[in-house]
Amino acid sequence: MKPANIEDFPLGGARFQCAAPAGPSSQPPGSAVLRGLRKYSKILRVSLIERMTYRGDFFLSTILRFLPMVTTILLWQAIYEGAEGSDKQPVRLSGYDLHAMIAYLLLVHISRMFSSMPGLAAGITRDIREGTLKKYLLQPIDMIAYLVSYRAAHKVAYIVTSSLPYALLFFLCRGYFDHFPSGETLALYLLSLLLGFLVGFFFEASIGMVGFWFLEVTSFLYIVNTVNFFISGQMFPLDLLPPFWAALLRALPFRYLAYFPAAVFLGRITGSDLLYGLLAEAAWVLFFIMLSRWLYRLGLRRYSAYGG
Amino acid sequence: MTAMLRYLRLYFALARYGLAREMTFRWNFLIKLFVEVLWLFILLAFYETVFTKTSNVAGWTKSEYMFFVGCYFALGGFIEAFFLSNCSEFADLIRTGDLDFFLLKPIDEQFLVSCREIDWSSAANVLMGAGVMGLAYRQMALPFTWGRFAVFVLLFGCGIAIAYSLLLFLTSTGVWFKRNQSLYELWWLFTSLMRYPREIFAGRWAYPLGWFFTYLVPVLLVVNLPARTMVKLFDEPVLIGFTVAVSVVLLAASRMFFRYALRRYRSASS
């Protein structure tokens, strides 16, 4: 059995994922840019309020999520004890000592907090299949921009509500963090997380657009998410893999969804590697933005707005 | 005896109906199957990588550990195939009030709620897990004895009984928690306790935790006992006896709890 929530999380189900955009309101004065900004910030606000409705349920499932964390820590302790053998000399596996490894596995949760997009692709495909996509075409609103603001709101709400239990978790596990990163590293870490959000969003949006050609992409998405769980480095740092596989996975965009930010935080990626890594991350963001736009445009030509 | 036969016939009919329905969506079925295979490969790749770095984990050698993984995969697959999807629908049945139709039928409610359908694509996990166990066992070159195998089968059955009972407890709480929609997720979080050898629960705070999940909420016995009996020495006869006893007690207790929960059910919207 694979993780039931392999694509993430206690966001409370996919029911709200693609709620219809708010109807056109009275036109506020100001330039077009300002109007656009106001429009999308309204969406942000509405979605934020919607999320907070289920805070109790939300809080409970966040707490439950810590159970696997406990067993993971215990498993890695046992792995390191096994590797130490009888001489009890602390070992490093591919450069990670036990503390760094556990810190990594904790930090992966933070990466996923930003980069996972539960229900995004499925929501887009559903809109295509059921014809509800036309709500975006009829109103002065861009679908992708709408979905970005909607998703950003959910992420903000999620991060805010779960910051308390996560703060507790990181406080309890503070012993595993040997050095706290410098301000500069921390800033770059934050940047890598934000770019990770964008990589995750536009990657999944691109998959959703495939729905213009195939009515059902959820099974395809299921496969992608299963593979992603491994190749994004959620099970262990990619450095542990044999050199060929590690190099291959470093060249793919998936590492930005989990591995890269965590490794930056731990100071595993520094100097020019860090710089090029961030540049490559930005390039992947651009690539997926263009890909999703292009697929959307191409797809709209085929779109026939089923069902009245 | 005739009642037993009747339920067997009923179950057979339900299984055949389910299979026919699954075959209507062949591609969907094949993709689900493919994802299960993929997931098994990811698990194996994970432990292959781990065992390039160490020769044992919590006292389990690579082959022994792979046997454990196979056992977990098979047992987890069994629960998922035969009970999990049924149980996860229970919350919906309560919310919509459709449970009424179940209660009216002249069939045992627990049978109908927890054994109605079979998720055939997960049933394949039992075979895949058995395959992994077989391969790992061959690598160990242990002398095979039927006696040991019989104890393994018995404990595997007990593991299923314990896991099923705990799942039924969890399901029954749906009567009170109306928004218990993600039983799949709850179950996944909960089973993280049975995914690893019991020996990892060592140390100041983990030991009491391991004790709690062995004797009070015996989820740690589920995969550990059968796997351990097959690939390690029979060094814990008391624990084996305890496992057999506890599986019987839990089956009865979970049934009582389920029936208690049903009595608290107030048919909605009808």
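Conventions adopted
Residues numbered from 1 in each chain as written. Chains lettered and ligands numbered in written order. Predicted model: local features only at pLDDT ≥ 70, side-chain atom pairs only at ≥ 80, totals over all residues. Heavy atoms only, no water. Helix = DSSP H or I, 4+ residues; strand = E, 2+ residues; numbered from the N terminus. Contact = heavy atoms within 4.5 Å. Areas by Shrake-Rupley, 256 points an atom, 1.4 Å probe, with all protein chains shown as cover. Salt bridge = Lys/Arg side-chain N within 4 Å of Asp/Glu carboxyl O. Phe/Tyr/Trp six-rings, centres within 6.5 Å; stacked < 30°, edge-to-face > 60°. Buried < 20%, exposed > 50% of the residue type's maximum accessible area, 1.4 Å probe, protein only. Buried area = accessible area lost by both parts, 1.4 Å probe. Polar contact = N/O pair within 3.5 Å; in protein donor to acceptor, adjacent residues only side chain to side chain. Nonpolar A, V, L, I, M, F, W, Y, C, P; charged D, E, K, R; others polar. Disulfide = S-S within 2.5 Å. Core = buried A, V, L, I, M, F, W, Y, C linked by side-chain atoms within 4.5 Å. 1 Å grid on protein atoms, 1.4 Å probe; cavity = no way out; pocket = protein on both sides within 12 Å on 5 of 7 lines; lining within 4 Å. Points joined across faces, edges and corners; volume = space filled by probe spheres on them. Axes fitted to C-alpha atoms, helices over the stretch in contact; angles between N-to-C directions. Parallel < 35°, antiparallel > 145°, perpendicular 65-115°, else oblique. Patch = residues over 30% accessible without salt bridge, like charges linked within 9 Å, V, L, I, M, F, W, Y side chains within 5 Å.

> Would you explain the overall build of chain A in this entry?
The secondary structure content of chain A amounts to twelve helices and zero strands. For chain A, the succession of helices and strands along the chain, N to C, is α-α-α-α-α-α-α-α-α-α-α-α. In chain A, of all internal contacts separated by at least 6 residues, the share reaching a separation of at least 24 is 82%. Split by element, the accessible area of chain A, about 14000 Å² in all, is 68% carbon and sulfur.

> Would you mind going over the pattern of salt bridges with me for this structure?
Note on pairing: side chains with opposite charge can pair once their charged atoms come close. All names here are of chain B. Enumeration over the complete set of coordinates arrives at 16 salt bridges over all chains. For Arg-259, the salt bridge is made with Glu-109, and the minimal N-O distance between the two is 3.5 Å. With a gap of 150 residues between them, Arg-259 in helix 12 (residues 237-263) and Glu-109 in helix 6 (residues 109-115) connect regions that are remote in the sequence. Through salt bridges with shared partners, a single ionic network connects Asp-108, Glu-109, Arg-255 and Arg-259.

> I would appreciate a short explanation of the packing of aromatic side chains in the present structure.
The geometry of two aromatic rings is summed up by the distance between their centres and the angle between their planes. Residue and element names in this part refer to chain A. Per the counting criterion, the structure on display carries 51 aromatic pairs over all chains. Judged by centre distance (5.5 Å) and plane angle (90°), the ring pair of Trp-284 and Phe-287 falls under edge-to-face. In this pair, Trp-284 and Phe-287 are both assigned in helix 12 (residues 271-302), three residues apart and thus about one turn of the helix distant. Classification of Phe-287 by relative accessible area gives partly exposed; the value is 40%.

> Help me understand the interface of chain A and chain B, please; the structure alone is not making it clear to me.
Accessible area lost during the coming together of the parts is what is often quoted as the interface size. At the junction of the two partners, chain A supplies 35 residues and chain B supplies 41 residues. Summing the contributions of chain A and of chain B, the shared interface buries around 3600 Å²; its carbon and sulfur component is 74%. The interface formed by chain A and chain B contains zero salt bridges. Counting across the interface, chain A meets chain B through three residue pairs in polar contact (both at pLDDT 80 or more). Breaking the side of chain A that touches chain B down by element, the ones donating at least two residues are helix 2 (55-64), helix 3 (66-84) and helix 9 (218-231) of chain A. Looking at which element gives the most residues to the side of chain A that touches chain B, the answer is helix 3 of chain A, with eleven residues. When the residues that make up the side of chain A that touches chain B are grouped by side-chain class, the tally is 25 nonpolar, six polar and four charged.

> What's the story with the side chain of Ser-247 of chain B in this structure? I'm lost.
All names here are of chain B. For Ser-247, the location among the structural elements is in helix 12. Here the side chain of Ser-247 touches Val-244 through a polar contact of 2.7 Å, landing on its backbone oxygen. Not counting residues up to four positions away in its chain, the partners in contact with Ser-247 are Cys-158, Ala-161 and Ile-162.

> So what exactly am I meant to see when it comes to the state of the cysteines here?
What makes a disulfide is a covalent bond joining the sulfur atoms belonging to two cysteines. Residue and element names in this part refer to chain B. Within this structure, the stated rule accounts for zero disulfides over all chains. In this structure Cys-71 is not part of a disulfide, and its nearest cysteine sulfur, from Cys-158, lies 12 Å away. Cys-71 gets classed as buried once you look at its relative accessible area, which sits at 0%.

> In this structure, what is going on with the nonpolar core? I would like to understand it.
Buried together is how nonpolar side chains tend to be arranged in soluble globular proteins. Trp-76 of chain A together with Tyr-47 and Phe-67 of chain B are the most contacted members of the largest nonpolar core, which totals 175 residues. Top element by residues in this core is helix 3 (residues 62-88) of chain B. It accounts for 16 residues. If we skip the residues at most four places from it in the chain, Tyr-47 of chain B touches Leu-75 of chain A together with Tyr-65, Met-66, Val-69 and Tyr-196 of chain B.

> How should I be thinking about empty space enclosed by the protein in this particular structure?
Take a probe with the size of a water molecule and roll it over the atoms, and the empty space left behind shows itself. All names here are of chain A. Taken as a whole and judged by the stated rule, the model has four cavities of 30 Å³ or more. Approximately 90 Å³ is the volume attributed to the second largest cavity. Around the second largest cavity, the lining comprises eleven residues; the ones closest to its centre are Arg-112, Met-117, Glu-204, Asn-225 and Asn-228. Of all the secondary structure elements, the ones that give two or more residues to the lining of the second largest cavity are helix 4 (98-115), helix 8 (183-209) and helix 9. Sorting elements by how many residues they give to the lining of the second largest cavity places helix 8 first, with three residues.

> What should I look at first to understand the packing of helix 9 of chain A against helix 2 (residues 26-53) of chain B in this one?
Each pair of packed helices can be summarised by the angle the axes make with each other and by the distance between the axes. Contact pair helix 9 of chain A / helix 2 of chain B: the axes reach a minimum separation of 10 Å and the direction vectors enclose 0°. Judged by the inter-axis angle, helix 9 of chain A sits roughly parallel to helix 2 of chain B. Packed against helix 9 of chain A, whose contacting residues are Ser-219, Tyr-222, Ile-223, Thr-226, Val-227, Phe-229 and Phe-230 of chain A, the element helix 2 of chain B presents Ile-31, Phe-34, Val-35, Leu-38, Trp-39, Ile-42, Ala-45 and Phe-46 of chain B at the interface. Its residues assigned to classes, the contact of helix 9 of chain A with helix 2 of chain B shows 13 nonpolar, two polar and no charged.

> Teacher, can you tell me more about a nonpolar patch on the surface here?
Residues and elements named next belong to chain B. Residues Tyr-207, Trp-211, Phe-212, Tyr-215 and Leu-216 make up a contiguous nonpolar surface patch of about 550 Å² in total accessible area. Structurally, Leu-216 is set in helix 10 (residues 206-216). The exposure class of Leu-216 is exposed, given its relative accessible area of 53%.

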